[in-house]
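Chain by chain, the residues run as shown.
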Amino acid sequence: MTDSTPVKSTNLLLVLCYLTIPGLWGASQVILIPYVVHLLVLVTAILYIACHWSLVLREEPTVDEDGNSTSASSAGETLRKEDAMQFPIMGSLSLFSLYLAFRFLDKEMVNLIIGGYFALVGTMALTATIAPALSFLIPLNILKKKFHYGTQINHSLPAFLAGESPWEIEIEFSTAEALAFIKSVVFCYFYVTTKSWPLNNILGICFCIQGIERFSLGTYKIGAILLVGLFFYDIFWVFGTDVMVTVAKNLDGPIKILFPRSLTPNPETGKIDLSLLGLGDIVIPGFFLALLLRFDAHKSNVSTIAPTNVHASFPKPYFHSCLIAYILGLGTTLYVMIAFNAAQPALLYLVPACLGSSLLCAVVRGELKELFDYSEEEEEEEEEEEQKTVKKDEAAKKDD
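The model shown is predicted, which means the values in this text are computed figures rather than measured ones.

### Considerations on the nonpolar core
Step number 1: Ranked by size, the top nonpolar core spans 92 residues in total, and within it Ile46, Ile282 and Phe288 carry the most contacts.
Step number 2: It is helix α11 (residues 280–299) that provides the largest number of residues to this core, a total of 12 residues.
Step number 3: Dropping the residues within four chain positions of it, Phe288 is found in contact with Leu217, Tyr220, Gly223, Ala224, Leu227, Cys322, Cys354, Leu355 and Ser358.

Rendered as structure tokens:
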């Protein structure tokens, strides 16, 4: 299959989303934006940006001067079928562990430990988000200068626990990444000390974008397995128990995006009333949306040669139909929540919306088999085929 090189253009919707996120973030602190509108617009902008940035996962590895295989997608991860099936179980264990911690341990101590963890992870996510922006906004060669540091640390620990001695540590970073890291450390310090909801939202948005950009579901079937498993997970923990709601209300960390329902503190609590949306309700469907966008790019023979043009213009029927269905599903969640004044498992509405819209699109276009056959697990599939071939050869030799 030959790759077509799209005409250089600017995706105006993508640019609009870039402006929407900081615009909403700033305006919501001085203007009371209806939280339903705020939520729907912000989440749509996050998903649109993150999914388009995930197009780098299609890049083919290139060979550098030293003969090493490199790719902009080298930091990406691909989900396996086994992982997708175990995800709801592992998620349930983590969720229930947090519930027990809040119930039997000191709430402030639990939040302090979790806050420290999120400060470390948040620093990395912020650095990864800010560094490219610095390089783009300030096009100076010094910001692109690379630094490399390597060292070896000897240890006497057992190899099965700590690996072979010595430990080899290598760090490579650019000037832009170093500056972004310093800014991120300062930012996370203020977040941990203030727990301000606007700072919480910045971290949450970065987690969403970086997660969706770097993670691949591998195939449509694996994505469907993950969504269906989490569909029942969400229903059970929200409707069947008070675990999900208890953890969401007590966990003071950037695992959710907060939306102000007033600009003046509540006289009883002294705090601003906030609504929330868990990051899982953005990221999990976001993985699926990103896969569909890359499938659209695959169908249109968009070039896989680095660097990826996220503004490339090509038909996106699967992505657009699923994104619209997601927005409608999220809107339905909010309507039911307000109408019944009760917490709702968002995936109860989002999973049927995402799966139903993508399947309907495939049926209408007559591409159902092609959608099911699409895979981003090429290396793993090749290894499995090689192993099967080797086994067949061995069996043939035994027969002879």
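### Re the packing of aromatic side chains
Step number 1: Inspection of the entire model under this criterion finds 14 aromatic pairs.
Step number 2: Relative to Phe319, the ring of Tyr48 has its centre 5.7 Å away and its plane inclined at 55°; by these criteria the two rings are tilted. With Tyr48 in helix α2 (residues 35–53) and Phe319 in helix α12 (residues 317–340), this residue pair connects regions lying 271 residues apart in the sequence. The two residues Tyr48 and Phe319 agree in class, both being buried.
Step number 3: Here the aromatic residues Phe96, Tyr99, Phe236 and Trp237 are joined through ring pairs into a cluster of three or more.

### Overview of empty space enclosed by the protein
Step number 1: Applying the stated rule across the entire model yields one cavity of 30 Å³ or more.
Step number 2: Considering only enclosed or pocket space, the largest cavity measures out at about 40 Å³ in volume.
Step number 3: Ile21, Trp25, Ser28, His38, Leu42, Trp197, Asn201 and Ile205 together form the lining of the largest cavity.
Step number 4: Looking at the lining of the largest cavity, the elements that each hand over two or more residues are α1 (12–27), α2 and α8 (197–214).
Step number 5: With three residues, the top contributor of residues to the lining of the largest cavity is α8.
Step number 6: Per-class residue counts for the lining of the largest cavity are five nonpolar, three polar and no charged.

The rules behind the values
- Residues numbered from 1 in each chain as written.
- Predicted model: local features only at pLDDT ≥ 70, side-chain atom pairs only at ≥ 80, totals over all residues.
- Heavy atoms only, no water.
- Core = buried A, V, L, I, M, F, W, Y, C linked by side-chain atoms within 4.5 Å.
- Buried < 20%, exposed > 50% of the residue type's maximum accessible area, 1.4 Å probe, protein only.
- Helix = DSSP H or I, 4+ residues; strand = E, 2+ residues; numbered from the N terminus.
- Contact = heavy atoms within 4.5 Å.
- Phe/Tyr/Trp six-rings, centres within 6.5 Å; stacked < 30°, edge-to-face > 60°.
- 1 Å grid on protein atoms, 1.4 Å probe; cavity = no way out; pocket = protein on both sides within 12 Å on 5 of 7 lines; lining within 4 Å.
- Points joined across faces, edges and corners; volume = space filled by probe spheres on them.
- Nonpolar A, V, L, I, M, F, W, Y, C, P; charged D, E, K, R; others polar.

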